[in-house]
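# Structural description and commentary
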Amino acid sequence: KMKLLSSESQCDTALSDTALPKNAYAYDVVVDATGSPAGLDLSRQLCRTEGTLVLKSTCAAGTDFNTAPFVVDELRVQGSRCGPFGPALELLKTLDLTPLIDSTFPLAKAPEAVKRAGERGCLKVQIRVSDG
């Protein structure tokens, strides 16, 4: 998944099993889109002191949250849900997203599409509303 992202972006991508310790505190801005406590902790460790950690997803698992590392490292935490759709849609027109699509289903088979989307290893599923 990360290889697909890095081919279209101008940023560093790091896999969790190789990110530390080499990249500890290496980045001014880190975007966490994992939605997992482990991903949030890794992102925090990659962000330099006084850096910015952008949370692009929510982390609903568990209730324990240790704020000490965020305070000690003086991290800025910025939430990001949605932005201006117009510029985002224009950017999407310039990208080839087909490598991200695992399967395509007609609308009539939407339940099958949702089932496939929930299977391990599936990145994105496309549901076509019409043939046009």
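In the block above lies the structure referred to throughout.
So, here is what we can say about the structure in this document. As the structure is a computational prediction, the values presented were derived from the model and not from experiment. (Residues numbered from 1 in each chain as written. Predicted model: local features only at pLDDT ≥ 70, side-chain atom pairs only at ≥ 80, totals over all residues. Heavy atoms only, no water.)

This brings us to the overall build of the protein chain. The number of helices and strands found in the protein chain is five helices and five strands. Overall, the protein chain shows an N-to-C arrangement of helices and strands of α-β-α-β-α-β-α-β-α-β. Of the roughly 9,900 Å² of accessible surface on the protein chain, a fraction of 56% belongs to carbon and sulfur atoms. (Helix = DSSP H or I, 4+ residues; strand = E, 2+ residues; numbered from the N terminus. Areas by Shrake-Rupley, 256 points an atom, 1.4 Å probe, with all protein chains shown as cover.)

By the secondary structure assignment, serine 43 is in helix α2 (residues 37-46). The buried category is assigned to serine 43, whose relative accessible area is 6%. Look past the residues within four positions of serine 43 in its chain and what remains in contact with it is Val30, Asp32 and Leu53. (Buried < 20%, exposed > 50% of the residue type's maximum accessible area, 1.4 Å probe, protein only. Contact = heavy atoms within 4.5 Å.)

What follows concerns the pairing of strand β5 (residues 124-128). Note that strand β4 (residues 101-106) and β5 share five bridges and pair parallel. Bridge pairing in β5 links threonine 104 to glutamine 126. Considered for its hand, the β-α-β crossover made up of β4, helix α5 (residues 110-117) and β5 is right-handed. (Pairing = 2+ DSSP bridges. Right-handed = clockwise from strand over helix to strand, strands pointing away.)

Counted under the stated rule, the structure contains six salt bridges. A salt bridge links aspartate 28 to arginine 48, with the shortest nitrogen-to-oxygen separation between them at 2.5 Å. Here aspartate 28, found in strand β1 (residues 27-32), pairs with arginine 48, found in strand β2 (residues 47-55); they are 20 residues apart in sequence, far enough to count as distant. A salt bridge links arginine 116 to aspartate 102, with the shortest nitrogen-to-oxygen separation between them at 2.8 Å. Taken together, the residues span a long stretch of sequence, with arginine 116 in helix α5 and aspartate 102 in strand β4 at a distance of 14 residues. The partly exposed category is assigned to aspartate 102, whose relative accessible area is 36%. Taken together, the shared-partner salt bridges connect Asp41, Arg44 and Asp73 into one network. (Salt bridge = Lys/Arg side-chain N within 4 Å of Asp/Glu carboxyl O.)

Take a nonpolar patch on the surface next. A cluster of nonpolar side chains, contributed by Phe85, Leu89, Leu92 and Leu97, occupies part of the molecular surface with about 380 Å² of accessible area. Looking at the secondary structure, you find leucine 97 in the loop between α4 (85-93) and β4. On the basis of relative accessibility, which here comes to 32%, the residue leucine 97 falls in the partly exposed class. (Patch = residues over 30% accessible without salt bridge, like charges linked within 9 Å, V, L, I, M, F, W, Y side chains within 5 Å.)

A positive phi angle, close to 55 degrees, is found at tyrosine 25, a residue other than glycine. As for its position among the elements, tyrosine 25 is in the loop between α1 (2-8) and β1. What makes tyrosine 25 partly exposed here is its relative accessible area of 42%. Positive phi, normally seen in glycine, also occurs at glutamate 74, with a value near 50 degrees. Mapping glutamate 74 onto the fold places it in the loop between α3 (68-72) and β3 (76-79). Residue glutamate 74 is classed as partly exposed on the basis of its relative accessible area, which comes to 47%.

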